[in-house]
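Structural overview
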Amino acid sequence: MTGNLYRGQAGLPFSSTLRVYEPLDAFPEDQRAAIKSAGERAVSRAAVENAELLASLGRITRAGGDPFPTGRTDLVRVTRAPGVPVEENGKEGSGEETADGVALLYCPSQLVLRAGLAANALIEGIHGPLAELLIPEEQRDRHQERIDLVNARDGITRVHTRASTWGIPFSWFSLFLESDPQDVVEAGGRILTVRVWTPISDALDRVRYAVANLALAAPDLDMLDDLTQLTEWLELFHADSMVELDYGAVADKVYPDDSPMDVRLGIECLAEGDMTGAAAAYRRLASRWIPIRQLARAS
């Protein structure tokens, strides 16, 4: 059943994610054992995706109508960081555990915090009786108590995952090049997802380049604010982290995808004053992604 859910996800919105994976040493010492243990329980990446999807479906159908996660368990995704220096004793320089000579990096789901942020964003966009109908105030207050418990236990917490439905923000593509490592996950003649990775140092160099050029060439562009916020977010993480763009089910509609190249060319054209080239890059992006975003309003 879970495999079919992961492969199908019929009727669910396209959801894409941007994740940061950090070395174990980047987490508070009292959290490392739990994060490592949760990572070891993840038999496969597909199993983690299945578990997260099943849990979300369970929340929206459970008695009482409370859609929020309880925080009793938290899923952790694990990846390996090629190229991270490893000492002769088999451990990465900062003391992190390794597997096959490659450092392991961890990305906790942090569902309690993320659910709270998502609910706040929803309430800001929808006011009045509809907001109360979607997420009753009693449930929001109950979930705020869970968030307060997490903050009291973990202190200041970096949120490792950003999510987007019905399309990928153009700003995210500025972090990647078409030459970055990627994994195309297929089954039954369909692309389930495409995942692209890059070291956080490269991602920061690229987004800072984009911010610097747009600040001079197009300071009023909305994308500049998105890029600035993205830069500030990435600067919170360990220097040996990895950034992952997970297309999710939308990959089947757009892959192979030239969006990273189109975003980069668009920014370069703006910096050079080539409005024709910038407009052409935007048209390519729009023709690819606007039809996806329109699905959000399709009946």
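Structure: see above.
Below is a short write-up of the structure. (Residues numbered from 1 in each chain as written. Predicted model: local features only at pLDDT ≥ 70, side-chain atom pairs only at ≥ 80, totals over all residues. Heavy atoms only, no water.)

This part is about unusual backbone geometry. Here the amide bond leading from tyrosine 255 into proline 256 is cis, since omega sits at 0°, within 30 degrees of zero. Looking at the element boundaries, proline 256 is found in the loop between helix H10 (251-254) and helix H11 (259-271). Of note, the phi angle at tryptophan 166 is positive, near 55°, even though the residue is not glycine. Summarising the element assignment, tryptophan 166 is placed in the loop between strand S5 (161-165) and helix H7 (170-173). Look at tryptophan 166 and you get partly exposed, because its relative accessible area is 22%. (Helix = DSSP H or I, 4+ residues; strand = E, 2+ residues; numbered from the N terminus. Buried < 20%, exposed > 50% of the residue type's maximum accessible area, 1.4 Å probe, protein only.)

Put simply, helix H8 (residues 200-217) and helix H9 (residues 222-234) touch, their axes get as near as 9 Å, and they point 150° apart. With respect to H9, the element H8 is oriented roughly antiparallel. The way H8 lies across H9 gives a crossing that is left-handed. For the pair H8 and H9, the contacting residues are Ile200, Ala203, Leu204, Val207, Arg208, Ala210, Val211, Leu214 and Ala215 in the first and Leu224, Leu227, Thr228, Leu230, Thr231 and Leu234 in the second. (Axes fitted to C-alpha atoms, helices over the stretch in contact; angles between N-to-C directions. Parallel < 35°, antiparallel > 145°, perpendicular 65-115°, else oblique. Left-handed = near helix turned anticlockwise from the far one by under 90°. Contact = heavy atoms within 4.5 Å.)

Following the criterion strictly, the structure yields five aromatic pairs and no others. On the numbers, 5.5 Å between centres and 70° between planes, the contact of phenylalanine 14 with tryptophan 166 is edge-to-face. Of the two residues, phenylalanine 14 is situated in the loop between helix H1 (2-8) and strand S1 (15-23) and tryptophan 166 in the loop between S5 and H7; the sequence distance between them amounts to 152 residues. On the accessibility criterion, phenylalanine 14 (13% relative accessible area) is buried. What links up through ring pairs into an aromatic cluster is the set Phe173, Tyr247 and Trp289. It is arginine 293 that lies over the ring of phenylalanine 170; its NZ or CZ is 4.7 Å from the centre. (Phe/Tyr/Trp six-rings, centres within 6.5 Å; stacked < 30°, edge-to-face > 60°. Lys NZ or Arg CZ within 6 Å of the ring centre and 35° of its normal.)

Let us now look at the pattern of salt bridges. Under the counting rule described, the total for this entry stands at 15 salt bridges. Ionic pairing is found between glutamate 244 and arginine 45, a salt bridge with its closest N-O pair at 2.9 Å. Of this pair, glutamate 244 sits in strand S8 (residues 242-246) while arginine 45 sits in helix H3 (residues 45-61), placing them 199 residues apart in sequence. A salt bridge links arginine 208 to glutamate 235; the shortest N-O distance between them is 3.1 Å. Taken together, the residues span a long stretch of sequence, with arginine 208 in helix H8 and glutamate 235 in the loop between H9 and S8 at a distance of 27 residues. Given the relative accessible area of 38%, arginine 208 is considered partly exposed. By relative accessible area, which is 44% here, glutamate 235 ends up partly exposed. It is possible to trace a salt-bridge network through shared partners that takes in Arg19, Arg45, Glu49, Arg77, Arg195, Glu244 and Asp246. (Salt bridge = Lys/Arg side-chain N within 4 Å of Asp/Glu carboxyl O.)

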